[in-house]
Amino acid sequence: MVSLDIGADAIVTLRYLPPYLDSDERAYLDAIGRIGERAEPYVLLTIFGGRRALSQAGEREQALWFKATKARMSQFCQACAIIRPDADEKTAETFRRLWPFPIIAEREEEAGRAFLLRYLAAVP
């Protein structure tokens, strides 16, 4: 199941969790499309169940989204917490090579949300 929540606290939360549905890939790609369109500062909390992979077409669309939105994401996304069951520092390092904003990878949502809230509190 995929959901995208945009909170009043500037935290954009993308969830891709079980139970998985046939419509999840399209919902995920639509959600990242909406995130990529944002034109105001935000922080991103992504929560993945860790089991579902995209189809080859989905991977391609995601890569094209990355290419098309990298500049805008780099401008408006201020920090990102990636939550996955297998998250570790290596996961964070991989994504830090792609994006210029602070990124952490954690296994628990609470840790990711706390990181983002600390970041927002520190921003003037």
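Please refer to the structure placed before this passage.
Our subject in this report is the structure included herewith. Here the structure is a predicted model, which is why all the values come from computation and not from measurement.

## Quick look at the overall build of the chain
Scanning the chain from N- to C-terminus turns up four helices and five strands. Listed N to C, the secondary structure of the chain is β-β-α-β-α-β-α-β-α in terms of helices and strands. A globule of 124 residues ought to have a C-alpha radius of gyration of about 14 Å, and the chain, at 14 Å, matches this closely. The C-alpha extent of the chain, read off along each of the three principal axes, is 40 × 30 × 30 Å.

## Overview of the pairing of strand β3 (residues 42-48)
Most of β3 sits inside the fold, with six of its seven residues counted as buried. Handedness of the crossover is the feature at issue here: the chain leaves strand β2 (residues 11-16), passes through helix α1 (residues 24-37), returns alongside β3, and the resulting connection is right-handed. Direction of pairing for β3 relative to strand β4 (residues 77-83): parallel, over a ladder of six bridges. Counterpart to leucine 44 in the pairing with β4 is cysteine 80. In this region the chain leaves β3, passes through helix α2 (residues 56-76) and returns to the parallel neighbour β4; the handedness of that crossover is right-handed.

## Considerations on the packing of aromatic side chains
The way to describe two aromatic rings as a pair is by their centre distance and the angle between their planes. Counted according to the given criterion, the structure contains six aromatic pairs. Ring pairing ties together the aromatic residues Tyr16, Tyr20, Tyr28 and Phe48, which thus form one cluster.

## Side note on α1
With 14 residues, α1 should cover 20 Å at 1.5 Å per step; its first-to-last C-alpha distance of 20 Å lies within 8% of that length. Listed as buried for α1 are Asp24, Tyr28, Leu29, Ala31, Ile32, Ile35 and Gly36. One side of α1 carries all its buried residues, which in axial view fall inside an arc of 160 degrees. Buried residues along α1 sit against β1 (2-6), β2, β3 and α2.

Definitions and limits used
Residues numbered from 1 in each chain as written. Predicted model: local features only at pLDDT ≥ 70, side-chain atom pairs only at ≥ 80, totals over all residues. Heavy atoms only, no water. Helix = DSSP H or I, 4+ residues; strand = E, 2+ residues; numbered from the N terminus. Rg over C-alpha atoms; globule rule 2.2 N^0.38 Å. Buried < 20%, exposed > 50% of the residue type's maximum accessible area, 1.4 Å probe, protein only. Right-handed = clockwise from strand over helix to strand, strands pointing away. Pairing = 2+ DSSP bridges. Phe/Tyr/Trp six-rings, centres within 6.5 Å; stacked < 30°, edge-to-face > 60°. Expected span 1.5 Å × (residues − 1). Arc of directions from axis to C-beta. Contact = heavy atoms within 4.5 Å.

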